[in-house]
Amino acid sequence: MIQNFQGMAKRLVALLRQQGITNERVLQVIQATPRQQFMPESLAHKAYENTALPIGKGQTISQPLMVASMTQLLMQHECKNVLEIGTGSGYQTAILAQLVERVYSVERIAELQYQAKRRLKQLDLHNISMRHGDGWQGWQSKAPFDGIIVTAAASDIPHALMEQLADGGVMIIPVGTVRQRLVVIRRFGDDFEHKQLGDVKFVPLVPGSLA
Ligand code: SAH
C-alpha cells in the first residue's frame, strides 16, 4: 500500500500544535523527518500516530508529543552540543541533529545503536557521535554539554550527568520508577535548580552492564 507520509506528518504536526508545541523550528523538523524509517517496516503505517511503538529488544520509539515537548524545553536555552542518553531508534537523535551543532548519543544495546547509526547515515545526518556505553556514566571525555536529554527513566538523577552539564546548561530527564516525573535541571556554577513537570512513562534507564 502506498502511504501518504507527507500528509500524515502534516496532520501529526497540527496535533502537536493543538497540544501546546509552539516552537516553529521543532515543528518544522518533526514534519520533515521520516519517522517511518525509525521502526520495523510492519509498523510504518502507525508512524505518524501520536504513540510510542516497539523497536525490538523490549524498547520503544518515544511518543512524538514527548519528543516535541522535551526538544522544545531544550531549545528554550542556547544549546550547541547536546548529550542524549538512550539512542534507541535514533529518532530523537535525528530531530536534535537538525537543531543543534553536535549531538552525542549513548546507547547500551549494541544492536539498536547499530541500526540507529545506519538510519542517521541514510538521512545524511553527520553531526552525531555515538557510543555504546552506560548512560549513567554520561560521556566524560566530550563534556561539558549545554544540553542533556535522557530518554529513559532514571531511578534518581545520575551524578555523572550533573557533573557533565555546562555552567548555564539544561538537563531534561524522566525520574522515578513506579511513578515517573519529567524533571528540568539548570546548572548555575555549583548550584542546580530543579523543576518538576508532569507525569511521564518511559522504559527504565537500566543500571550498569551493557547488552
Ligand atoms: N530516544 C529513543 C528512546 C528509546 S527508549 C527513541 O525515541 O527511539 C530508551 C533507550 O534507552 C533504549 O534504547 C534503551 O536501551 C536505552 N537505555 C536504557 N538504559 C540505558 C543505559 N543505562 N545507558 C544507555 N542507554 C540505555
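Residues numbered from 1 in each chain as written. Predicted model: local features only at pLDDT ≥ 70, side-chain atom pairs only at ≥ 80, totals over all residues. Heavy atoms only, no water.

Chemist: Residue-level account of the site of the ligand, with values.
Modeler: Near the ligand there are 25 residues, and of these Ser-89, Glu-107, Asp-134, Gly-135 and Val-206 occur at the shortest range. In the model, a nitrogen atom of the ligand is placed 3.2 Å from a nitrogen or oxygen of the Thr-151 side chain. Alone, the ligand offers 580 Å² of accessible surface; in the complex the protein occludes 99% of this. More than half of the atoms of the ligand fall within 2 Å of the grid points belonging to the largest pocket. For the shell around the ligand, the secondary-structure elements that each account for two or more residues are strand E2 (59–61) and strand E4 (102–107). Take the shell around the ligand: its biggest share by element is three residues, from E2. The class makeup of the residues in the shell around the ligand is ten nonpolar, eleven polar and four charged. (Near = heavy atom within 4 Å. Polar contact = N/O pair within 3.5 Å; in protein donor to acceptor, adjacent residues only side chain to side chain. Areas by Shrake-Rupley, 256 points an atom, 1.4 Å probe, with all protein chains shown as cover. 1 Å grid on protein atoms, 1.4 Å probe; cavity = no way out; pocket = protein on both sides within 12 Å on 5 of 7 lines; lining within 4 Å. Sits in = over half its atoms within 2 Å of the grid points. Helix = DSSP H or I, 4+ residues; strand = E, 2+ residues; numbered from the N terminus. Nonpolar A, V, L, I, M, F, W, Y, C, P; charged D, E, K, R; others polar.)

Chemist: Describe in detail the packing of aromatic side chains, supporting the description with residues and values.
Modeler: Under the definition given, this model contains four aromatic pairs. Where Phe-5 meets Tyr-48, the ring centres are 5.9 Å apart and the plane angle is 50°; that geometry is what we call tilted. Taken as a pair, Phe-5 in helix H1 (residues 5–18) and Tyr-48 in the loop between helix H2 (24–32) and strand E1 (53–56) lie far apart in primary sequence, 43 residues in all. For Phe-5, a relative accessible area of 22% translates into the label partly exposed. When its relative accessible area of 11% is taken as the criterion, Tyr-48 is described as buried. Residues Phe-38 and Tyr-91 carry aromatic rings whose centres are separated by 5.6 Å and whose planes lie at 75° to one another, so their mutual orientation is edge-to-face. One end of the pair, Phe-38, is in the loop between H2 and E1; the other, Tyr-91, is in helix H4 (residues 91–97), and 53 residues separate them in sequence. The class of Tyr-91 is buried, set by a relative accessible area of 2%. (Phe/Tyr/Trp six-rings, centres within 6.5 Å; stacked < 30°, edge-to-face > 60°. Buried < 20%, exposed > 50% of the residue type's maximum accessible area, 1.4 Å probe, protein only.)

Chemist: Which residues make up the pairing of E1, and what are the values?
Modeler: Here E1 runs beside E2; their pairing, made up of three bridges, is antiparallel. Along E2, the bridge assignment pairs Gly-56 with Gln-59. Where E1 folds back on E2, the antiparallel hairpin that results is connected by two residues, among which Lys-57 adopts a positive phi of roughly 60°. (Pairing = 2+ DSSP bridges.)

Chemist: Give me H2: which residues, what numbers.
Modeler: Here H2 has its buried residues at Val-26, Leu-27, Val-29 and Ile-30. With its buried residues spanning 165° around the axis, H2 presents them on a single face. Opposite its buried face, H2 presents the exposed residues Gln-28 and Ala-32, each directed more than 90 degrees away. (Arc of directions from axis to C-beta.)

Chemist: How would you sum up the pattern of salt bridges? Please name residues and give values.
Modeler: Per the counting criterion, the structure on display carries five salt bridges. Two residues, Glu-24 and Arg-17, come together in a salt bridge whose shortest N-O distance is 2.7 Å. When its relative accessible area of 41% is taken as the criterion, Arg-17 is described as partly exposed. We note a salt bridge from Asp-199 to Arg-181, for which the minimum N-O separation is 3.6 Å. Of this pair, Asp-199 sits in strand E9 (residues 191–200) while Arg-181 is found in strand E8 (residues 180–188), placing the two residues 18 residues apart along the sequence. Judged by its relative accessible area of 48%, Asp-199 is partly exposed. Classification of Arg-181 as partly exposed rests on a relative accessible area of 26%. (Salt bridge = Lys/Arg side-chain N within 4 Å of Asp/Glu carboxyl O.)

Chemist: Please provide a residue-by-residue account of the UniProt feature "active site" (unreviewed entry) in the protein chain, values included.
Modeler: The positions that UniProt labels "active site" (unreviewed entry) are, in the present scheme, Ser-62. Position of Ser-62 among the secondary structure elements: in the loop between E2 and helix H3 (64–75). Judged by relative accessible area, which is 19%, Ser-62 ranks as buried. Excluding anything up to four places from it in sequence, Ser-62 contacts Arg-35, Thr-51, Ala-52, Val-67 and Phe-202. (UniProt positions renumbered as here; feature names shortened; annotations may be inferred. Contact = heavy atoms within 4.5 Å.)

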